[in-house]
Amino acid sequence: MNFNEFLKENIVFLDGGMGTLLQAKGLAAGEYPELWNVTHPEIIKDIHKAYFEAGSNVVCSNTFGANCLKFKDNLEEIISAAIKNAKSAIEESATQGEKFVALDIGPLGKLLSPLGELDFEDAVEIFAKTVRFGAKHGADLVLIETMNDSYETKAALLAAKENCTLPIIVTNAYGEDSKLMTGASPEAMVALLEGMGVCALGANCSLGPKQLKGVAQRLLASASVPVVLKPNAGLPKIENGKTVFNVLPQEFSLDLAELVALGVRVVGGCCGTTPEYIKAVHEKLEGKMPVPLSAKNKTVVSSYTHAVEFSSPVLIGERINPTGKKRFKQALIENDINYILNEGVNQSEAGVHILDVNVGLPEIDEVALLKTAVCELQTVTDLPLQIDTSDPIAMEAALRRYNGKAMLNSVSGKRESMEKIFPLAKKYGGVIVALTLDENGIPENTSGRVEIAKKILNCAKEYGIDKKDIVFDTLAMTISANKDAARVTLDALKAITEELGAKTSLGVSNVSFGLPCRDAINSIFFSLALENGLSAAIMNPYSAEMMKSYYTFKALTGQDNNFEEYIKASEGFGVSAGVQVVQKSAEEYSSELDHAISKGFKEKAAEITKQLLSTNAPLDIVNNEIIPALNKVGIGFEEKTVYLPQLLMAAEAAKAAFEIIKLAMPSGQTTKGTFVLATVKGDIHDIGKNIVKLLLENYGYFVADLGKDVPPQKVLDTVLEKRAQLLGLSALMTTTVPAMEETIKLVKKQAPFCKIIVGGAVLTEDYAKKIGADAYAKDATGAVKFAKEVLG
Amino acid sequence: MSCPITINRFNLQKPNQNEILRYAKSGTDKASLDILGECLSLAENAIAPSACYKILDLKISGDLCDFGEFSVISSQLAKNLACCQQVAVFGATIGAEFDRLLIKYSKISPTRAVFLQAIGAERVETLCDAVCQEIKQKTGKALRPRFSAGYGDLPLETQKDIFLYLGLEKWLGVTLNESLLMSPSKSVTAFVGIL
């Protein structure tokens, strides 16, 4: 019987701990247990055998840390020996029952970027090597375990999917707060793992069975696949100078039996458990039938922290999209990722649940930019993302790097579209927006759109994609072109909801195209759509009218307990976003804008700038208002009458004013010169560098920010490409100053036209000279002064 | 290699605002205090303090500090630990989610990033105090001041041993990179002599 068949009908018994048993056999502190597969095969085999004889159906190969980071030269030898030891244990054990060997894969001990430095693709490749050897040497399944980070979990799972056809189980290490260390909830993990097609999922390690009960219940409520539990033998404590676990086999088996009665179907033990524990569990549960599986049929997307279920109306922010937005297009062309990030944060604060991400413009490399945008957005927001592109290659690049289960926008009823998009959804998981149009265009009547929806569902089924993972867009068309357009869209929405039992989505704003006062039409159309069953709207969350529709609908339809959401949102209903009453400035300030910037009032600075633009030229505002205000704050900082946070608040306010100025100026006219900025290779401290960037931008310089941990060659390439006259390098640690020196040498040799200024905690004026820099800045204002000297 | 004692629940004392303002090089004007307040509430939900420690027998001969499971050479640590029969070695972190906040605000608001850095520094210090308090209670003995790798002549490379013997990756999810920096960034390891 293969493992998948066995899993369908039975309670599956895994094994227990390995480490404690090896220590008892003499494994020294700090010694790699995986080496013992080769040096002490008999001992490893005997432990596996003891587990089979205690009742285990599956033992995990002794390969928890078997990866090429730890075993550069002998990885295959270790993995093949490990599988062989487990297989011999099967042959030698006399007990009845199905027996399997799982290739055990644990975490790499390195955090993935952005929290750590390991690149996602590098992690995939490291896991891939382990998977290939495991499959080659005869493992029956893959068990990825003790993962405390969702992103690393995804890397391991992707490597397993791409390099073998074995069944895959994934178990994560949840903390006492029922989250993974990097923040994911059980529901988020179920979305990610089921989306990618694991055969079972669950929790292991970190806690005892009692403490994991809550996590187990939440997994059971969300998962349609079998749930696995492999807890520790309670919590460790010290007894007579030795570490022992506080739950004994009998109690452990009672706890697990209780969880099996709730629906857990795969059980075993982790740290502190021994064959005795598994024997006790086996005796308690032998011959019992598992609780039948139930399909949950929930439409769910997830981020690295939480899941969003389409059970009440979902708002998808539409603002990360260049269509019709001049400033956004300019940001894309200039590779100004921060602009995109701010749109993400602002929409999140406005109350959307998911962010649509579209960066498609003819003149840019969409594959690279979409991937970057998706990665970067995940550093500033924990909302799930909807990846919006017509290019399947860009779609895949972004999906790969997405830390969760994304939305894919979109597929249509065209054969070619389905053939490209469905395999991506199957591989990476995801909820797909399906447009009800096909090779013949958009049907003008309701039944035509419903027919296309049916066709899409049938095709999805062929790819193994469930109805719950498809959200139909019945296409809002402008009523200015066809007065019945809205009616058809709404009727199709209702039909798909009621007849097909599927979820729906609409790009609401299209309905009013070409008409004045679009918000009025959009918001009423949105209410009508919600009443007809709309599950999700791609919409503008900055529109107060749209948000009113949403909160009122929920309040009126009993979806807002105690009207909490409505009451909270209603505070903002009276005031349209961003407009605030400008107070009279105090006398000591030369103007209102000076006052706003000096005091660090962001919104106010933006608002006053808007007003000033009606009577002043953009550059005049910069030269007569913004720069003098910043100079004043900068001098205050040098004289220590202004503190660092105040300087930064002023800089942020000035930046807000600049954003408004940029809108009013043709692109390319805003910059006084290019300044390349980087934290040197090996160094990951960038707060100081980011402050320098902010101030330089305030003074009108174009800053090409290369980020942190930047190799010398990349710095040089950028300097050459931009013909940059100025380069700023930062290093915080003594260990990374040599990398700074190396970078300076390289740039001085190949790009002598470029002046280099350095800064960072360990540097001094003298040291800067010694390593060949042109200047040293002790803080951000020093960097601005130098830029003024060189560039004017 | 026995596993260390891990503690996942700490009721840390309330943040010390003066200390945070000092770390942030901030004044006490209203605008700064407002942002500090905002950052404190952002941080509150992102901090998950946890720690683990082992108590080891100690032998000192000259500059060699022998902890049984491993040893280091450092005259300053030897001096710090003189008169101690035992030493606690611990790792502590306020968690990875706090780093997400730092990364987010270093991109969208440097002002808040500076305050968050300061809050993180204050919190992890407070956490270390709580860990020492716990060890003090468990052993019923007085403690020497904490001593970390990189202080004085105790090489930063000692981090590698501490990570290996405490299993910090497994028990706390703290990892060490090639420059010997820890992730999550607001993490500390230290030796504490037990008198």
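This structure is a prediction, so every number in the text was calculated from the model and none was measured.

Q: Got a minute to help me understand the overall build of chain A in this structure?
A: Within chain A, the secondary structure is distributed over 30 helices and 25 strands. Computed over C-alpha atoms, the radius of gyration of chain A comes to 30 Å, within 12% of the 28 Å expected from 2.2 N^0.38 for 792 residues, which places it in the range of a compact globule. By its C-alpha atoms, chain A is 90 × 75 × 50 Å across when sized along the principal axes. Counting only residues that meet the buried cut, chain A has 58% of its 792 residues in that class. Nonlocal contacts in chain A, meaning residues at least 24 apart in sequence, comprise 73% of its contacts between residues at least 6 apart. In the form shown here, chain A has an accessible surface area of approximately 31500 Å², with 52% of it arising from carbon and sulfur atoms. Side-chain charges of chain A comprise 82 positive and 98 negative groups, with the mean position of each set lying 1 Å from the other.

Q: Could you clarify how one ought to interpret the overall build of chain B in this entry?
A: When helices and strands are tallied, chain B shows 7 helices and 9 strands. Principal-axis analysis of the C-alpha atoms gives chain B an extent of 55 × 30 × 30 Å. Counting only residues that meet the buried cut, chain B has 57% of its 195 residues in that class. Partitioning the intrachain contacts of chain B with sequence separation of at least 6 by distance along the chain shows that 73% fall at a separation of at least 24. Carbon and sulfur atoms form 49% of the exposed surface of chain B, whose accessible area is close to 8200 Å². A gap of 4 Å separates the mean positions of the 21 positive and 20 negative side-chain charges of chain B.

Q: Help me out: how do you make sense of the pattern of salt bridges in this one?
A: Pairs can form between side chains of opposite charge whenever their charged atoms are close. Counted by the stated rule, this structure contains 48 salt bridges over all chains. Between lysine 179 of chain A and glutamate 97 of chain B there is a salt bridge; the shortest N-O distance is 3.1 Å. Of this pair, lysine 179 of chain A sits in the loop between β5 (168-172) and α8 (186-195) while glutamate 97 of chain B sits in helix α4 (residues 96-108), which puts the two residues in different chains. A residue is classified by how much of its surface remains accessible, and lysine 179 of chain A, at 25% relative accessible area, is partly exposed. Given a relative accessible area of 18%, glutamate 97 of chain B falls into the buried group. Three or more residues are tied together by salt bridges with common partners; here these are Glu121, Glu162, Glu396, Arg400 and Lys427 of chain A.

Q: What exactly am I supposed to notice about the nonpolar core here?
A: Across soluble globular proteins, nonpolar side chains show a tendency to be buried alongside one another. Counting 266 residues, the largest nonpolar core has Ile144, Phe422 and Ile626 of chain A together with Phe67 and Phe90 of chain B as the members making the most contacts within it. Looking at which element gives the most residues to this core, the answer is helix α5 (residues 110-139) of chain B, with 12 residues. The next biggest cluster of nonpolar side chains, apart from the first, holds 26 residues, and it includes Leu706, Val747, Ala751 and Ile756 of chain A.

Q: Would you take a moment to explain helix α20 (residues 544-556) of chain A for this structure?
A: Residues that lie three or four places apart on an α-helix share one face, since the helix turns once every 3.6 residues. Residues and elements named next belong to chain A. Taking 1.5 Å of rise per residue, the 13 residues of α20 would be expected to cover 18 Å, and the 18 Å separating its terminal C-alpha atoms lies within 8% of that figure. Among all positions of α20, only Met546, Met547, Ser549, Tyr550, Tyr551, Phe553, Lys554 and Ala555 are buried. The inward-facing, buried residues of α20 contact β13 (314-320), α13 (337-350), α19 (518-531), β20 (536-539) and α21 (564-570). Once α20 ends, the next one or two residues include glycine 558, with phi positive near 70°.

Q: Can you walk me through the pairing of β5 of chain A in this structure?
A: All names here are of chain A. Most of β5 sits inside the fold, with 5 of its 5 residues counted as buried. The alternating pattern of β5 places Ile168, Val170 and Asn172 and Ile169 and Thr171 on opposite faces, both of which are buried. Running through helix α7 (residues 150-163), the crossover from strand β4 (residues 141-147) to the neighbouring parallel element β5 is right-handed. Of the strand pairs in this sheet, β5 and strand β6 (residues 200-204) are connected by 4 bridges, and their pairing is parallel. Residue threonine 171 lies in a different strand from β6, and its bridge partner there is glycine 202. Regarding the hand of the β-α-β motif, the stretch spanning β5, α8 and β6 is right-handed.

Q: Explain the packing of helix α24 (residues 618-638) of chain A against helix α25 (residues 644-664) of chain A to me, please; I cannot follow it from the model alone.
A: When two helices pack together, their arrangement is given by the angle between their axes and by how far apart the axes lie. Residue and element names in this part refer to chain A. It is the contact of α24 with α25, at a shortest axis distance of 10 Å, that shows an interaxial angle of 175°. When the axis of α24 is compared with that of α25, the two are roughly antiparallel. For the pair formed by α24 and α25, the contact residues are Pro618, Ile621, Val622, Ile626, Leu630, Val633, Gly634 and Phe637 on the first element and Leu644, Leu647, Ala650, Ala651, Ala654, Ala657, Phe658, Ile661 and Ala664 on the second. Here the residues of the contact of α24 with α25 sort into 16 nonpolar, 1 polar and no charged.

Q: I tried to follow the side chain of serine 549 of chain A on my own but got confused; where do I start?
A: All names here are of chain A. Along the polypeptide, serine 549 turns up in helix α20. With a relative accessible area of 9%, serine 549 lands in the buried category. Filtering out sequence-adjacent residues up to four positions away, serine 549 remains in contact with Ser523, Ile524, Phe526 and Ser527.

Q: I tried to follow the sheet that holds β20 of chain A on my own but got confused; where do I start?
A: Within a sheet, neighbouring strands are paired by backbone hydrogen bonds and run either parallel or antiparallel to one another. All names here are of chain A. Spatial ordering of the closed barrel is given by β13-β14-β15-β16-β17-β18-β19-β20, a layout of 8 strands whose pairing is parallel. Direction aside, neighbouring strands of the sheet carry axes that sit 30° apart on average. Here strand β17 (residues 431-435) runs beside strand β18 (residues 470-473); their pairing, made up of 4 bridges, is parallel. Its bridge partner being in β18, alanine 434 is matched across the sheet by phenylalanine 472. On top of the sheet, helix α16 (residues 415-428) reaches β16 (407-412), β17 and β18; it is set at about 155° to β16, its chief contact. Packed on one face of the sheet, helix α18 (residues 485-499) meets β18 and β19 (503-507) and runs near 160° to β19.

Q: Would you take a moment to explain the pairing of β20 of chain A for this structure?
A: Successive residues of a regular strand alternate their side chains across the two faces of the sheet. Residue and element names in this part refer to chain A. Judged by which residues are buried, β20 turns out to be covered on both faces: Ala536 and Ile538 on one side and Ala537 and Met539 on the other are all buried. Relative to β20, β13 runs parallel, the two sharing 4 bridges. When the bridges of β20 are listed, leucine 315 appears paired with alanine 537. By the bridge criterion, 3 bridges tie β19 to β20 in an arrangement that is parallel. Looking across to β20, one finds that serine 505 is bridged to alanine 536. With α19 bridging β19 and the parallel β20, this β-α-β connection has right-handed handedness.

Here is what the cut-offs are and how they apply
Residues numbered from 1 in each chain as written. Chains lettered and ligands numbered in written order. Predicted model: local features only at pLDDT ≥ 70, side-chain atom pairs only at ≥ 80, totals over all residues. Heavy atoms only, no water. Helix = DSSP H or I, 4+ residues; strand = E, 2+ residues; numbered from the N terminus. Rg over C-alpha atoms; globule rule 2.2 N^0.38 Å. Buried < 20%, exposed > 50% of the residue type's maximum accessible area, 1.4 Å probe, protein only. Contact = heavy atoms within 4.5 Å. Areas by Shrake-Rupley, 256 points an atom, 1.4 Å probe, with all protein chains shown as cover. Lys, Arg positive; Asp, Glu negative; His and termini not counted. Charge placed at Lys NZ, Arg CZ, Asp CG, Glu CD. Salt bridge = Lys/Arg side-chain N within 4 Å of Asp/Glu carboxyl O. Core = buried A, V, L, I, M, F, W, Y, C linked by side-chain atoms within 4.5 Å. Expected span 1.5 Å × (residues − 1). Right-handed = clockwise from strand over helix to strand, strands pointing away. Pairing = 2+ DSSP bridges. Axes fitted to C-alpha atoms, helices over the stretch in contact; angles between N-to-C directions. Parallel < 35°, antiparallel > 145°, perpendicular 65-115°, else oblique. Nonpolar A, V, L, I, M, F, W, Y, C, P; charged D, E, K, R; others polar.

Nothing here speaks to function; it is all geometry.
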